[in-house]
Each structure stands twice: as C-alpha cells, then as structure tokens.
Amino acid sequence: MNRSILAVVLSIFALSTIGPFVRLFSMDVPLPIISFFRAFFGFALVICVVPFVDKNFLRVNTNDVRDYAIVGFLLALTITLFNSALVIAPLTDVYFLNFLHVFAAPILALIFLKEKMSIPMIGLTILGFAGIAFIDPLTGQSPTGNILALGAGLSYATMVVFMRRVDKKHGLGDVVWFLGFASLFLGLNAIPSDWGGIPFPSFVGMAIMGIISTGLGYLFINYALENLPVHTVSMVDLIVTPILATLFSVFLFHETISQNVMLGGGFIILAGVLFSYHARAMGRGLKRARRTNSSA
C-alpha cells in the first residue's frame with residue numbers, strides 16, 4: 001500500500017512538471033512541436049516497458065483499433081488545449097480549471113451511459129462548478145487561457161466517458177495505443193511548424209519532458225492502480241496537484257494568485273475530494289451488496 005501511494009505521488013509530480021517544461025520550451029519551440037514530443041517520447045518509454053508486463057498488447061481487432069484511435073484523438077486534443085493554456089495563463093488557474101473533468105465526466109456518463117448520480121454527488125458537482133465560477137474564468141488574468149483549460153478538462157472528461165463506454169481499462173497495453181495514436185495526430189498537427197529552428201538543447205529537454213511528464217507519469221499511475229481504487233488515486237491527485245501547481249507558479253514564475261482563484265480552487269478541491277470519497281464509499285457498498293446476494 002505504501003509503495004502504491006508513493007507511486008501515485010510520483011505520478012502526480014511527474015505530470016505536474018508539464019507546466020514548467022512547456023513554459024520553458026515555448027520560448028524557442030513552436031507549441032505544436034512541444035505537444036508532439038511530449039506524447040512521442042512518453043510513447044517511446046512506455047512501448048519499451050510494456051512487452052515485459054503485457055505480452056498481449058498487440059492482439060487487437062478492428063474495433064479495438066478504432067476505439068484506440070478515438071481515445072488517441074481526444075488525448076491529443078486534451079494535450080493541445082492544456083499546453084496552449086499553460087503558455088498564456090497562470091499555472092494555478094490552468095490546473096484548477098482543468099479539474100472540470102472531475103465534475104463533467106459524471107454528467108456526460110449520466111447522459112450517454114445512463115449512469116446514476118446520487119443526491120450527494122449532484123450537490124458536490126454543483127459545489128465544484130461554483131468553485132469554477134468563483135475563479136471567474138471569463139474575466140481572469142487570461143480569459144483565453146482559462147477557456148482553453150476548461151476545454152482541456154471537457155475533452156479529458158469526454159475521453160474518460162468514451163473509455164467507459166467501450167470498456168477500456170487504461171492498462172499499460174492500452175496506454176501504448178493511446179499515446180501512439182495521440183503522437184500520430186499531434187505529429188500531423190505539427191507538420192506546418194518550423195522544425196529547422198529547434199535548438200539541440202531544447203530537443204534534448206523535450207525528450208526528457210516526454211519521458212518524465214508522460215512516460216513515467218503513466219508508468220507510476222498504472223502501478224498504483226493495480227493496488228489502489230481509482231477514487232483513492234483521484235483524492236491524492238486533487239490534494240497534491242494544486243499544491244505543486246501553486247509552488248511552481250509562485251516560486252518558478254513569480255505569478256500572483258488572486259483571492260478569487262484561491263477561494264474557487266478551495267471549493268474545487270473540497271468538492272472533488274468529497275466526490276471521490278463518496279464514489280469510493282458507494283463502490284464499497286456495491287461490493288458488499290454483491291457478496292451478500294451471492295451468499296444468499
């Protein structure tokens with residue numbers, strides 16, 4: 001259990017470095033190329049590891065490939081929107097607003113998968129949206145960046161709901177396909193960019209970014225999910241990510257955090273943690289009910 005919690009924290013730290021990396025390289029490299037290398041080098045690391053843990057990852061059918069391509073497109077869209085937001089908006093704003101996916105996914109699941117939402121979940125969803133409203137994304141320091149961050153949250157929520165619909169487990173074998181297709185779409189998007197003017201140190205740095213922020217991030221999170229419920233991972237994410245984003249924002253980029261962002265972010269974190277805890281409790285109750293029914 002301790003190793004799994006450590007893996008969650010390491011994964012969150014790895015994924016949280018995306019903001020500083022993107023900010024650093026965006027001064028010298030076109031953003032579409034940064035987004036491509038983030039996915040590609042993450043894909044390169046994962047595909048080197050996956051044959052040792054999932055020897056059947058290449059055994060797929062036509063429907064699987066279609067589903068992987070859709071997830072890869074949504075992942076590419078999420079990466080593009082998120083990276084674009086990081087360049088023009090404060091890090092704390094981007095990370096807080098990106099948590100829209102926590103509250104948007106259950107609503108999309110209700111609409112498209114007919115999943116039910118309990119009364120507490122509805123209340124916590126409203127609290128989460130209230131936190132987003134407190135941040136006031138349309139009139140903040142960068143309304144365009146804030147909208148892009150919300151778009152990234154919505155596209156990620158859409159991806160999660162689609163994966164539930166096609167019963168993708170997000171195992172490491174699946175991640176290879178997701179990142180492979182995402183790299184393909186991001187590479188096509190980056191073709192018109194200026195590839196000739198990339199400084200060699202930036203190229204090496206982007207390789208490190210892809211390996212750490214994407215490759216290691218996925219490896220650690222998949223290890224954690226083998227032993228921990230997804231809602232526990234979400235709770236840790238909702239607590240640790242805002243702390244890291246705030247530290248990076250203040251100490252690396254000397255950004256100021258407005259009171260409405262702190263207040264709205266506090267609502268989002270509180271609602272998200274309680275939401276994850278409630279979903280975990282419901283999952284435990286469902287398991288107990290199933291055991292009781294099977295015993296009977």
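Before going further, it helps to examine the overall build of the chain. Secondary structure assignment for the chain yields 12 helices and 0 strands. When the helices and strands of the chain are read in sequence order from the N terminus, they spell out α-α-α-α-α-α-α-α-α-α-α-α. What you see for the chain is a C-alpha radius of gyration of 19 Å, in line with the 19 Å of a compact globule of 296 residues. Here the C-alpha coordinates of the chain stretch approximately 70 × 50 × 35 Å along the principal axes. Classification of the 296 residues of the chain by burial places 49% in the buried group. In the chain, 89% of the contacts between residues at least 6 apart in sequence involve partners at least 24 apart. Surface exposure of the chain reaches about 14400 Å², of which carbon and sulfur atoms provide 69%.

This part covers the environment of L172. Within the fold, L172 resides in helix α9 (residues 172-190). A residue is classified by how much of its surface remains accessible, and L172, at 14% relative accessible area, is buried. Sequence separation of L172 and L100 is 72 residues, and the distance between their C-alpha atoms is 25 Å. Those residues in contact with L172 that lie beyond four places of it in its chain are V46, V49, V50, V53, L219 and N222.

A complete count under the given rule lists 3 salt bridges for this structure. Salt-bridge contacts for R66 lead to D67; the nearest nitrogen and oxygen are separated by 3.1 Å.

Look at D136: it is not a glycine, yet its phi comes out positive at around 55 degrees. Topologically, D136 is positioned in the loop between α7 (119-135) and α8 (143-165). Of note in this structure, H254 is not a glycine but carries a positive phi near 55 degrees. Along the chain, the position of H254 falls in the loop between α11 (230-252) and α12 (259-295). The exposure class assigned to H254 is exposed, which follows from its relative accessible area of 65%.

Together, I107, L110, I111, F112 and F129 line one region of the surface with nonpolar side chains, adding up to about 440 Å² of accessible area. Among the elements that line the nonpolar patch, the one with the most residues is helix α6 (residues 100-112), at 4 residues. Relative to the helices and strands, F112 resides in helix α6. Classification of F112 as exposed rests on a relative accessible area of 55%.

This part is about helix α4 (residues 62-88). For α4, which comprises 27 residues, the first-to-last C-alpha distance of 40 Å matches the rise-based estimate of 39 Å (1.5 Å per residue) to within 8%. For α4, the N-terminal capping position is held by N61, with its side-chain oxygen 3.1 Å away from the main-chain nitrogen of N63.

Once that is clear, we can look at helix α2 (residues 18-25). Most of α2 sits inside the fold, with 7 of its 8 residues counted as buried. For α2, the full list of buried residues reads I18, G19, P20, F21, V22, R23 and F25. Summarising the contacts, the buried residues of α2 are in contact with α1 (2-16), α3 (31-53), α4, α5 (91-98), α10 (200-225) and α11.

Here is a general trend for soluble globular proteins: nonpolar side chains tend to be buried in one another's company. L75, L86 and M206 are the most contacted members of the largest nonpolar core, which has 82 residues in total. For L75, the contacting residues outside a window of four places in its chain are M159, F178, L179, A182 and Y218.

Turning next to the packing of α5 against α11. Packing of α5 against α11 brings their axes to within 8 Å, and their N-to-C directions diverge by 160 degrees. The angle between the axes of α5 and α11 places the two elements in the roughly antiparallel class. In this structure, α5 crosses over α11, and the sense of that crossing is right-handed. Each of L91, T92, Y95 and F96 in α5 lies in contact with α11, whose residues at this interface are T241, P242, A245, T246, F248 and S249. Of the residues in the contact of α5 with α11, the class split is 6 nonpolar, 4 polar and no charged.

Thresholds applied
Residues numbered from 1 in each chain as written. Predicted model: local features only at pLDDT ≥ 70, side-chain atom pairs only at ≥ 80, totals over all residues. Heavy atoms only, no water. Helix = DSSP H or I, 4+ residues; strand = E, 2+ residues; numbered from the N terminus. Rg over C-alpha atoms; globule rule 2.2 N^0.38 Å. Buried < 20%, exposed > 50% of the residue type's maximum accessible area, 1.4 Å probe, protein only. Contact = heavy atoms within 4.5 Å. Areas by Shrake-Rupley, 256 points an atom, 1.4 Å probe, with all protein chains shown as cover. Salt bridge = Lys/Arg side-chain N within 4 Å of Asp/Glu carboxyl O. Patch = residues over 30% accessible without salt bridge, like charges linked within 9 Å, V, L, I, M, F, W, Y side chains within 5 Å. Expected span 1.5 Å × (residues − 1). Polar contact = N/O pair within 3.5 Å; in protein donor to acceptor, adjacent residues only side chain to side chain. Core = buried A, V, L, I, M, F, W, Y, C linked by side-chain atoms within 4.5 Å. Axes fitted to C-alpha atoms, helices over the stretch in contact; angles between N-to-C directions. Parallel < 35°, antiparallel > 145°, perpendicular 65-115°, else oblique. Left-handed = near helix turned anticlockwise from the far one by under 90°. Nonpolar A, V, L, I, M, F, W, Y, C, P; charged D, E, K, R; others polar.

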